[in-house]
Amino acid sequence: MATPFSLEGKVALVTGANTGLGQAIAVALAEAGADIAAAGRSAPTETQAAVEATGRRFLSIKADFGSTEPVQRVVDEAVGTFGKVDILVNNAGIIRRADSIDFSEADWDAVMDTNLKVVFFLTQAFARQVLKQGPDARGVAGKVINIASLLSFQGGIRVPSYTASKSGLAGLTKILANEWATKGINVNAIAPGYFDTNNTEALRADQDRNAAILARIPAGRWGQPSDIGGAAVFLASGAADYVQGVTLPVDGGWLAR
Ligand code: NAP
């Protein structure tokens, strides 16, 4: 029986789905019924196996999101294979760590380009496509889920371009929701807390930082990638049709502390 959380018949485009949070989100969306187009620069072999094990279809699209060059092609390839696209998860992201006093222009530009500029233009290409497709029976044309950060709310330390990009992403989530809510496009974000992925390897390797982080998380543990999928399924589903412009923390209580 269909539930409000079912993604049966939907197609989700997920960036950076070869590993970490993007992989977990792609698999969770597939378990909820969506076919998956995974766009990124590394082969998503593991993700493909996990998605196909759910009985859903999988497409790998090669794309380097260091620039806007691939954005239109990525949407076109997803539509070329599946006939349409319904859900976009902007997950691909990078972080560069250095004291702000020494931070380089190259590290500023790389992070801002991948985490913010490319996200905007990929979302624009996605929105143009779903508006062309028109709304479904519920009046929904598309769902956008941006992967933000606790640094969409907080300042952090030694990651100036990351904080700027993720704070910007929370703002972008709101403006796009304002412009597109009446067009049947939901734009929301998820702010993961501290998750055990490649992105946080340096933090976990630093014993003092690791202990300080753990001591502040009310749940008392790092998030595992499997902790993130439910929030993505919710925001992609009919259960969230009236949810617009939010950045939903999934952080073991970190921001409540
Ligand atoms: P991750 O394991 O490092 O994964 C990052 C993903 O982004 C990978 O698939 C990576 O592909 C992709 N990517 C990076 N640069 C790319 C580029 N130029 N072109 C195409 N793909 C690119 O880290 P993660 O923790 O899963 O991060 C996923 C998202 O969650 C990011 O936006 C991150 O900022 C956010 N986040 C993570 C945490 C956390 O605690 N882990 C917390 C808050 C927010 P490759 O494998 O090819 O590099």
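Since we're looking at a predicted model, the values are computed, not measured.

### A closer look at the packing of helix α3 (residues 71-82) against helix α4 (residues 105-133)
Helix packing geometry: the angle between the two helix axes and the distance between the axes.
Then, in step 1: It is the contact of α3 with α4, at a shortest axis distance of 9 Å, that shows an interaxial angle of 40°. Viewed along their axes, α3 and α4 adopt a mutual orientation that is oblique. In this structure, α3 crosses over α4, and the sense of that crossing is right-handed. Together, Val-71, Gln-72, Val-74, Val-75 and Val-79 of α3 and Val-118, Phe-121, Leu-122, Ala-125, Phe-126, Gln-129 and Gln-133 of α4 make up the contact between the two elements.
Then, in step 2: Here the contact of α3 with α4 is composed, by residue class, of 9 nonpolar, 3 polar and no charged.

### Section: the packing of aromatic side chains
Then, in step 1: All told, the structure shown has 4 aromatic pairs when counted by the stated rule.
Then, in step 2: Between Phe-5 and Phe-234 the ring centres are 6.5 Å apart and the planes differ by 50°, which places this aromatic pair in the tilted class. Of this pair, Phe-5 sits in the segment before β1 (11-15) while Phe-234 sits in helix α8 (residues 229-236); the two residues are 229 residues apart in sequence, bridging distant segments of the chain.
Then, in step 3: By relative accessible area, which is 42% here, Phe-5 ends up partly exposed.
Then, in step 4: Arranged with centres 4.8 Å apart and planes meeting at 85°, the rings of Phe-120 and Phe-121 form a pair that is edge-to-face.

### Things to note about the environment of Arg-221
Then, in step 1: Relative to the helices and strands, Arg-221 resides in the loop between α7 (207-216) and α8.
Then, in step 2: Put simply, Arg-221 and Asp-196 are 25 residues apart on the chain and 9.7 Å apart in space, counted from C-alpha to C-alpha.
Then, in step 3: Polar contacts involving the side chain of Arg-221 include one to the side chain of Asp-227, which spans 2.9 Å.

### Points about unusual backbone geometry
Then, in step 1: Unlike most non-glycine residues, Arg-158 shows phi in positive territory, near 65°.
Then, in step 2: Inspection of the secondary structure assignment puts Arg-158 in the loop between β5 (142-147) and α5 (160-180).
Then, in step 3: The exposure class of Arg-158 is partly exposed, given its relative accessible area of 38%.

Rules of the game
Residues numbered from 1 in each chain as written. Predicted model: local features only at pLDDT ≥ 70, side-chain atom pairs only at ≥ 80, totals over all residues. Heavy atoms only, no water. Axes fitted to C-alpha atoms, helices over the stretch in contact; angles between N-to-C directions. Helix = DSSP H or I, 4+ residues; strand = E, 2+ residues; numbered from the N terminus. Parallel < 35°, antiparallel > 145°, perpendicular 65-115°, else oblique. Left-handed = near helix turned anticlockwise from the far one by under 90°. Contact = heavy atoms within 4.5 Å. Nonpolar A, V, L, I, M, F, W, Y, C, P; charged D, E, K, R; others polar. Phe/Tyr/Trp six-rings, centres within 6.5 Å; stacked < 30°, edge-to-face > 60°. Buried < 20%, exposed > 50% of the residue type's maximum accessible area, 1.4 Å probe, protein only. Polar contact = N/O pair within 3.5 Å; in protein donor to acceptor, adjacent residues only side chain to side chain.

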